[in-house]
Amino acid sequence: VTVIERKEYRPLTEATAITYLQKLGYFKNELCECIEIGDGNLNLVFKVKPVGSEKGLIIKQALPYAKVVGESWPLTLKRATIESNATKIYNELIPLHAPKILEHDEDQAVTVMEDLSHLQILRKGFIEKKSYPFLAEHIGEFLAKSLFFTSDFGTSPAKKKELEYLFNNPDLCDITENLVYTDPFFNSETNSFEEDLTDEIQELWNDADLQIEVAKLKLDFLSKKEALLHGDLHTGSIFVSETETKIIDPEFAFVGPIGFDLGQIQANLLFQLFSRTELKDEIIEHILNIEKVFNETFIQLWEEHSVRPFNQKALINEKLEGYWVDAIGVIGCELIRRSIGLAHVEDIDSLEHNQKIKAKKKVLKFGVYCIKNRFTIRNIGNLLNGLE
Ligand code: SR1
Ligand code: MG
């Protein structure tokens, strides 16, 4: 009989994070310093490094509640293991674009990772108007490889079902269901918006056609089991430099509709278009190229690595078109929820009040347009043509 001893969960502090690492054998006889650097909605993130050195290690620990709301919103610790497992899969499939994992402790919901602090969160870099010449290529490749090799085109039925089992992530899927597909579309307490938007929001809540289309998209989110998704692929989940791109934070990972990851990243790039007055062309190019690189790479992977005899090009083309139709619906929901729902984006919220309201009005209108017209818009080129 094997007895598995579970250690009681304890949130780390800056002091205990150092001893935690040293007990594992890292920086053992060195004087270390630690700071909590987490700026996300859910977790603690510590950087521990020997005094005087630049590079250290990152310890990420899930809290048993949503940090952004407080202890009144309990949240499963299992998400830390989901994130660690997804990151390990990304390391196998697209090692250049995933952080290295050194340790994972399920009981403490802790993951020790390589230190990426020479990189910057993409959302921040974009706000500072930095340029990323390889970004679309890297993101397009990440999307194509992670989604193809975990889809029925690229993995066996048995492995696909294993993925569904391993990434059974009901609590975090519930958060997305509520925050992306439900709450922004009625007068929910979780919403947060400026009074100046009351008329636009009332119109949105009274739009019966919109409600039906959002309900259909929600059903897609719940029932389409197409591939292992990152599940929260916004520009805050990407670390970048001019030459490097690393995808982090897949704690929302689950097997779902491919269009969800495609749509979330594109919506978050669109926020840059809505908030910028200059260098818009760079963003437009990223948005178009992500679609191009994703489609080309997905087709190439299908030609070279398909595990099934689905050997008709017409099928793959039809599927790709379907992924983008779904993605355009997701873009609409993400644009709306990040403007009036619980979790906003700094790209827009950091604008001066009048500019912010003007931008949000445009975002809401465009979001509704995407959701209602996704079947006729069909691709990103057409989508951008619909922008005023
Ligand atoms: C309570 S969590 C709010 C949002 O933060 C995460 O990054 C997800 O996007 C989630 O919807
Ligand atoms: Mg996150």
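Model, not experiment: these values are computed from the prediction.

### Let's talk about the nonpolar core
Item 1. Leu-143, Leu-147, Leu-262, Leu-270, Phe-294, Phe-298 and Leu-383 are the most contacted members of the largest nonpolar core, which has 79 residues in total.
Item 2. Per element, the largest residue contribution to this core is twelve residues, and it comes from helix H11 (residues 313-340).
Item 3. Discounting residues that sit within four places of it in the chain, Leu-147 has contacts with Phe-142, Ala-227, Leu-228, Leu-229, Ile-258, Asp-261, Leu-262, Phe-294 and Phe-298.
Item 4. Counting residues in each nonpolar core, the second largest holds 21 residues, with Phe-27, Phe-46, Val-48 and Val-110 among its members.

### Re the sheet that holds strand E6 (residues 101-105)
Item 1. Read across the open sheet, the five strands follow the order E1-E2-E3-E7-E6; overall the sheet is antiparallel. Of all strands in the sheet, those bounded by a partner on one side alone are strand E1 (32-36) and E6. When the angles between neighbouring strand axes are averaged without regard to direction, this sheet yields 20 degrees.
Item 2. Note: strand E2 (residues 43-50) against strand E3 (residues 57-62), six bridges, orientation antiparallel. Bridging across to E3, Leu-44 finds its partner in Gln-61.
Item 3. Helix-sheet contacts for helix H1 (residues 14-23) involve E1, E2, E3, E6 and strand E7 (110-114), and the interaxial angle to E1 is about 125 degrees.
Item 4. Sitting on the sheet, helix H2 (residues 78-93) is in contact with E2, E3, E6 and E7, with an inclination near 155 degrees to E6.

### Examining the sheet that holds strand E10 (residues 238-240)
Item 1. Taken together, the three strands give an open sheet; going across it, the order is E8-E10-E11, and neighbouring strands pair in antiparallel fashion. Across the chains shown, the open sheet's two edge strands, defined by having one partner strand only, are strand E8 (120-121) and strand E11 (245-247).
Item 2. Here E8 runs beside E10; their pairing, made up of two bridges, is antiparallel. Paired with Gln-120 across the bridge in E10 is Val-240.
Item 3. Where helix H4 (residues 135-148) meets the sheet, it contacts E10 and E11, and its direction lies at approximately 35 degrees from that of E11.

### Section: the site of ligand 1
Item 1. Neighbouring ligand 1 are the residues Asn-41, Leu-42, Val-68, Trp-73, Leu-179, Asp-232, His-234, Phe-252, Arg-337, Arg-338, Leu-342 and Ala-343.
Item 2. Here an oxygen atom of ligand 1 sits 2.6 Å away from a polar atom, N or O, in the side chain of Asp-232.
Item 3. Interatomic distance of 2.7 Å between a side-chain N/O atom of Arg-337 and an oxygen atom of ligand 1.
Item 4. Contact with the protein chains removes 95% of the 320 Å² of surface that ligand 1 exposes when unbound.
Item 5. The residue inventory of the shell around ligand 1, partitioned by class, reads seven nonpolar, two polar and three charged.
Item 6. Both domains that furnish three or more residues to the shell around ligand 1 are identified here as domain 1 (1-115) and domain 2 (119-385).

### Regarding the domain arrangement of the protein
Item 1. With domains assigned, the protein is organised as domain 1 (1-115) and domain 2 (119-385).
Item 2. One C-alpha centre belongs to domain 1, the other to domain 2; they are set 27 Å apart.
Item 3. With 26 residues of domain 1 at the interface, the matching set in domain 2 holds 31 residues.
Item 4. Ranking the residues of domain 1 by area buried against domain 2 places Ile-82, Tyr-90 and His-97 at the top, with a combined share of 31%.
Item 5. Between Glu-251 and Arg-79 there is a salt bridge; the shortest N-O distance is 3.2 Å.
Item 6. Where domain 1 packs against domain 2, one counts seven residue pairs in polar contact (both at pLDDT 80 or more).
Item 7. The leading source of residues in the side of domain 1 that touches domain 2 is H2, at nine residues.

### Considering the packing of helix H10 (residues 280-305) against H11
Item 1. Where H10 contacts H11, the two axes come as close as 11 Å, and the packing angle between them is 145 degrees. The interaxial crossing formed by H10 with H11 has right-handed handedness. Residues Glu-291, Phe-294, Asn-295, Phe-298, Ile-299, Trp-302 and Glu-303 of H10 touch H11, and the partners they reach there are Lys-313, Ile-316, Asn-317, Leu-320, Tyr-323 and Trp-324.
Item 2. Here the residues of the contact of H10 with H11 are counted per class, giving eight nonpolar, two polar and three charged.

### Structural notes on the pattern of salt bridges
Item 1. Within the structure shown, the criterion is met by 26 salt bridges.
Item 2. Put simply, Glu-194 and Lys-360 hold a salt bridge, and the shortest N to O gap is 3.2 Å. Of this pair, Glu-194 sits in the loop between helix H6 (170-181) and helix H7 (198-205) while Lys-360 sits in helix H13 (residues 353-377), and the two are 166 residues apart along the sequence. Note on accessibility: Glu-194 and Lys-360 belong to one class, buried.
Item 3. Across the pair Glu-213 and Lys-216 runs a salt bridge whose closest N-O atoms are separated by 3.0 Å. With Glu-213 and Lys-216 both in helix H8 (residues 208-223) and three residues apart, the pair spans about one turn of that helix.
Item 4. If you follow the salt bridges from partner to partner, you end up with Glu-194, Asp-349, Lys-356 and Lys-360 in one network.

### Considering the packing of aromatic side chains
Each pair of aromatic rings is reported with the distance of its centres and the angle of its planes.
Item 1. A full pass over the atoms with the stated rule returns 15 aromatic pairs.
Item 2. On the basis of an interplanar angle of 90 degrees and a centroid distance of 6.2 Å, the ring pair of Phe-153 and Phe-298 is categorised as edge-to-face. On the criterion of sequence distance, the pair formed by Phe-153 in the loop between H4 and helix H5 (157-166) and Phe-298 in helix H10 is long-range, its members being 145 residues apart.
Item 3. Note on Phe-153: relative accessible area 7%, which makes it buried.
Item 4. Overall, the relative accessible area of 0% leaves Phe-298 in the buried class.
Item 5. The interplanar angle of 75 degrees and the centroid separation of 6.0 Å between the aromatic rings of Phe-193 and Trp-205 together place this pair among those described as edge-to-face. Of this pair, Phe-193 sits in the loop between H6 and H7 while Trp-205 sits in helix H7, and the two are twelve residues apart along the sequence.
Item 6. Given the relative accessible area of 15%, Trp-205 is considered buried.
Item 7. Each residue in the set Phe-148, Phe-149, Phe-153, Phe-294, Phe-298, Tyr-323 and Trp-324 is aromatic and connected to the rest through ring pairs, giving one cluster.

Parameters at a glance
Residues numbered from 1 in each chain as written. Chains lettered and ligands numbered in written order. Predicted model: local features only at pLDDT ≥ 70, side-chain atom pairs only at ≥ 80, totals over all residues. Heavy atoms only, no water. Core = buried A, V, L, I, M, F, W, Y, C linked by side-chain atoms within 4.5 Å. Buried < 20%, exposed > 50% of the residue type's maximum accessible area, 1.4 Å probe, protein only. Helix = DSSP H or I, 4+ residues; strand = E, 2+ residues; numbered from the N terminus. Contact = heavy atoms within 4.5 Å. Pairing = 2+ DSSP bridges. Axes fitted to C-alpha atoms, helices over the stretch in contact; angles between N-to-C directions. Near = heavy atom within 4 Å. Polar contact = N/O pair within 3.5 Å; in protein donor to acceptor, adjacent residues only side chain to side chain. Areas by Shrake-Rupley, 256 points an atom, 1.4 Å probe, with all protein chains shown as cover. Nonpolar A, V, L, I, M, F, W, Y, C, P; charged D, E, K, R; others polar. Domains from an automatic or database assignment. Buried area = accessible area lost by both parts, 1.4 Å probe. Salt bridge = Lys/Arg side-chain N within 4 Å of Asp/Glu carboxyl O. Left-handed = near helix turned anticlockwise from the far one by under 90°. Phe/Tyr/Trp six-rings, centres within 6.5 Å; stacked < 30°, edge-to-face > 60°.

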